[in-house]
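Okay, here's what each chain looks like letter by letter:
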Amino acid sequence: GVILIRGNHESETVSSFFGFKDECLKKYGEVLYHLILNAFESMPIGALLVANWGRVFGVHGGISPNLKSMEEIQALNRQCEPALD
């Protein structure tokens, strides 16, 4: 199967800056754009893939180096815009 993880482009701020918002609004309208933002907020920011040869923890390169444990990652509120600092 395929697992999609949320990166820094899956936010309103960054998708607006790089033109995704304008393109989406032009082609599909505001309602769909906001539904896509809701989908972004539901995406996991990481995935633990388990195979017969081992485990791999996959995240987008934009995750904070201040997060030191799986518990800290699981406690993050995904239902909001990520901080850009």
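Basis of the calculations
- Residues numbered from 1 in each chain as written.
- Predicted model: local features only at pLDDT ≥ 70, side-chain atom pairs only at ≥ 80, totals over all residues.
- Heavy atoms only, no water.
- Helix = DSSP H or I, 4+ residues; strand = E, 2+ residues; numbered from the N terminus.
- Buried < 20%, exposed > 50% of the residue type's maximum accessible area, 1.4 Å probe, protein only.
- Contact = heavy atoms within 4.5 Å.
- Patch = residues over 30% accessible without salt bridge, like charges linked within 9 Å, V, L, I, M, F, W, Y side chains within 5 Å.
- Areas by Shrake-Rupley, 256 points an atom, 1.4 Å probe, with all protein chains shown as cover.
- Salt bridge = Lys/Arg side-chain N within 4 Å of Asp/Glu carboxyl O.
- Phe/Tyr/Trp six-rings, centres within 6.5 Å; stacked < 30°, edge-to-face > 60°.

Student: Give me the overall build of the protein: which residues, what numbers.
Tutor: Within the protein one finds four helices and two strands. Counted from the first residue to the last, the protein has its helices and strands arranged as α-α-α-β-β-α. Taken over the C-alpha atoms alone, the protein extends approximately 45 × 30 × 20 Å along its principal axes. Burial analysis of the protein (85 residues in total) assigns 16% to the buried set.

Student: Quick one: what's the story with the side chain of Arg6, residue by residue and with numbers?
Tutor: You can see Arg6 is positioned in the segment before helix 1 (12-17). For Arg6, a relative accessible area of 7% puts it in the buried group.

Student: Go over the environment of Phe40 with me, naming the residues and quoting the values.
Tutor: Considering the arrangement of structural elements, one finds Phe40 in helix 3 (residues 30-42). For Phe40, a relative accessible area of 14% puts it in the buried group. Along the chain, Phe40 and Ser15 lie 25 residues apart, while their C-alpha atoms are 11 Å from each other. What Phe40 contacts, discounting residues up to four positions off in sequence, is Arg6, His9, Glu10, Ser11 and Phe20.

Student: Got a sec to walk through a nonpolar patch on the surface? Specific residues and values, please.
Tutor: A cluster of nonpolar side chains, Ile3, Leu49, Trp53 and Val56, forms an exposed patch at the surface whose accessible area comes to about 420 Å². Relative to the helices and strands, Val56 resides in strand 2 (residues 54-59).

Student: Requested: an account of the packing of aromatic side chains, with residues and values cited.
Tutor: Enumeration over the complete set of coordinates arrives at three aromatic pairs. Seen from their ring centres, Phe17 and Phe18 are 5.0 Å apart, and the 85° between their planes marks the pair as edge-to-face. In this structure, Phe17 and Phe18 share a single accessibility class: exposed. Judged by centre distance (6.2 Å) and plane angle (45°), the rings of Phe20 and Tyr33 are tilted. In this pair, Phe20 is assigned in helix 2 (residues 20-27) and Tyr33 in helix 3, connecting sequence segments 13 residues apart. For Phe20, a relative accessible area of 32% gives the class partly exposed. What makes Tyr33 buried here is its relative accessible area of 0%. Chaining the aromatic ring pairs together yields one cluster made of Phe20, Tyr33 and Phe40.

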